[in-house]
Amino acid sequence: MVYLNGAYLPPEKASISPMDRGFLFGDGVYEVIPSYDGQMFLLDAHLERLRRSLSAIRLPDPMPDGGWRAMLQRLLQENPGADRSVYLQVTRGKAARDHAFPAQTAATVFAMVSPLAAQDPAVAETGVSAISVPDQRWGRCDIKSVALLANVLARQQAAEQAAVEAILLRDGLLTEGAASNVFVVRDGVVRTTALGPAILPGITRAFVLEVLRAGRQDCREEPITEADLRAADEIWLTSSTKEVLPVTRLDGRPVGTGRPGPVWRKALERYRQARVRATRGPGLEIHHG
Ligand code: PMP
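All of these numbers come straight from a predicted model, not from anything done at the bench.

**So, the packing of helix α6 (residues 203-214) against helix α8 (residues 262-279)**
For step 1, the next point in the chain: Across the interface, α6 lies against α8 with an axial gap of 9 Å and an inter-helix angle of 100°. When the interaxial angle is binned, α6 and α8 end up roughly perpendicular. Residues Thr-204, Phe-207, Val-208, Val-211 and Leu-212 of α6 pack against Lys-266, Ala-267, Arg-270, Tyr-271, Ala-274 and Arg-275 of α8.
For step 2, the next point in the chain: In terms of residue class, the contact of α6 with α8 is made up of seven nonpolar, one polar and three charged.

Written as structure tokens, this is what we have:
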């Protein structure tokens, strides 16, 4: 079952107008929220980011006052199962095609639930491959926009080289992955690109920083050069669906020893422990700003 504009229905019964501005202009925003045993993880932080994205594109929140939480919980009940990822999207709705906002249009709200694959245990031994590509995106990558053409092209390039992610470089600096944030480790220090318009403020990024700092790990949010990236002992990707993923090959060359590193192991362990604590029961969810 999916959710579309107030109704819960099978996906083949759900349809959207070709005049929808999401279809015509990519005029919309989205979120992806992981759910474990029916409990959404870091939901408040995702909803907070959704509100920021909506406000950045000047689209009034179509489901204020707990509406999102209730709808997503009901959708999860309609799609029972262990680990799930919840996708939601809001567009500026259907209107005659004109770039400027329509005067009065109801937003289109869509949500669906998909199985969330657990991290392949082989990854802990081998890690994954990534490539680096120029970051060709726009100047507001902090908005979680559905307009993802540059990300799609970068990820396709990675797929064609049997890599799981494309790591984006802009003006000699690391920004993030096509669908993830990037961390590097050198001499025991963890670094990730500082927040700003060039990257998405990842919910997993913030949570990993929080659990590592709680364990007194030195973590820095600062510019990372291409040279830093290539000299890293470890590279990790973080996202709501990837958790913390070790990159052991970049552009065909080994990262550090070519095996997942000890700091990654610690980060994933801390992340998992904190996640289990946060999703164990109702009301235990950790709140993030
Ligand atoms: N950056 C980009 C461009 C992304 O698409 C994603 C995943 N949606 C992330 C970072 C990671 O964000 P999160 O941890 O909130 O899933």
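**Observations regarding the site of the ligand**
For step 1, the next point in the chain: Residues in close proximity to the ligand total 18 residues, the closest being Arg-49, Lys-144, Glu-176, Thr-204 and Ser-240.
For step 2, the next point in the chain: In the model, a nitrogen atom of the ligand is placed 2.4 Å from a nitrogen or oxygen of the Lys-144 side chain.
For step 3, the next point in the chain: Contact distances for the ligand include 2.7 Å between an oxygen atom and a side-chain N or O atom of Ser-240.
For step 4, the next point in the chain: Going through the elements one at a time, β9 (173-177), α6 and β13 (234-239) are the ones with two or more residues in the shell around the ligand.
For step 5, the next point in the chain: Looking at side-chain class alone, the shell around the ligand contains five nonpolar, nine polar and four charged residues.

**Points about the sheet that holds strand β1 (residues 2-4)**
Picture the strands of a sheet paired through backbone hydrogen bonds; they go either parallel or antiparallel.
For step 1, the next point in the chain: Pairing is antiparallel in the open sheet, where six strands are placed in the order β2-β1-β6-β5-β3-β4. Lying at the two open borders of the sheet, with one neighbouring strand each, are β2 (7-9) and β4 (39-40).
For step 2, the next point in the chain: Strand direction decides the pairing type here: β1 and strand β6 (residues 108-115), joined by two bridges, are antiparallel. Bridging from a neighbouring strand, Leu-4 pairs with Phe-110 of β6.

**Examining unusual backbone geometry**
For step 1, the next point in the chain: One non-glycine residue, Arg-58, adopts positive backbone phi at about 60°.
For step 2, the next point in the chain: Turning to its location among the elements, Arg-58 is positioned in the loop between α2 (43-56) and α3 (67-78).
For step 3, the next point in the chain: Here Arg-58 falls in the exposed class, since its relative accessible area comes to 64%.
For step 4, the next point in the chain: Positive phi, normally seen in glycine, also occurs at Asp-187, with a value near 50°.
For step 5, the next point in the chain: Looking at where Asp-187 falls in the secondary structure, it is placed in the loop between β10 (181-186) and β11 (189-192).

**Quick notes on the pairing of β11**
For step 1, the next point in the chain: With burial as the criterion, each face of β11 is covered, one bearing Val-189 and Arg-191 and the other bearing Val-190 and Thr-192.
For step 2, the next point in the chain: What sits between β10 and β11 in their antiparallel hairpin is a turn of two residues, with Asp-187 showing a positive phi close to 50°.
For step 3, the next point in the chain: Where β11 lies against strand β12 (residues 219-221), three bridges are found, and the strand directions are parallel. Of the residues in β12, the one forming a bridge with Arg-191 is Arg-220.
For step 4, the next point in the chain: Handedness of the crossover joining β11 and β12 through α6: right-handed.

**Concerning the confidence of the model for the protein chain**
For step 1, the next point in the chain: Predicted confidence across the protein chain gives a mean pLDDT of 95, with 97% of residues reaching 70 or more.
For step 2, the next point in the chain: Residue range residues 283-289 is modelled with pLDDT below 50. Its contacts to residues more than four positions away, or to other chains, number 18 contacts.

**Quick word on the packing of aromatic side chains**
For step 1, the next point in the chain: Under the defined criterion, the tally for this structure stands at seven aromatic pairs.
For step 2, the next point in the chain: With a centroid separation of 6.0 Å and 85° between ring planes, the pair formed by Phe-41 and Tyr-271 is classed as edge-to-face. Taken together, the residues span a long stretch of sequence, with Phe-41 in the loop between β4 and α2 and Tyr-271 in helix α8 at a distance of 230 residues. As far as the burial class goes, Phe-41 and Tyr-271 line up, both buried.
For step 3, the next point in the chain: One aromatic cluster in this structure is built from Tyr-36, Phe-41, Phe-207 and Tyr-271.
For step 4, the next point in the chain: Over the ring of Tyr-8 we find Arg-74; its NZ or CZ atom is 3.8 Å from the centre of that ring.
For step 5, the next point in the chain: A cation over an aromatic ring shows up here: Arg-92 above the ring of Phe-101, its NZ or CZ 3.6 Å from the ring centre.

Conventions used here
Residues numbered from 1 in each chain as written. Predicted model: local features only at pLDDT ≥ 70, side-chain atom pairs only at ≥ 80, totals over all residues. Heavy atoms only, no water. Axes fitted to C-alpha atoms, helices over the stretch in contact; angles between N-to-C directions. Helix = DSSP H or I, 4+ residues; strand = E, 2+ residues; numbered from the N terminus. Parallel < 35°, antiparallel > 145°, perpendicular 65-115°, else oblique. Contact = heavy atoms within 4.5 Å. Nonpolar A, V, L, I, M, F, W, Y, C, P; charged D, E, K, R; others polar. Near = heavy atom within 4 Å. Polar contact = N/O pair within 3.5 Å; in protein donor to acceptor, adjacent residues only side chain to side chain. Pairing = 2+ DSSP bridges. Buried < 20%, exposed > 50% of the residue type's maximum accessible area, 1.4 Å probe, protein only. Right-handed = clockwise from strand over helix to strand, strands pointing away. pLDDT = per-residue confidence, 0-100. Phe/Tyr/Trp six-rings, centres within 6.5 Å; stacked < 30°, edge-to-face > 60°. Lys NZ or Arg CZ within 6 Å of the ring centre and 35° of its normal.

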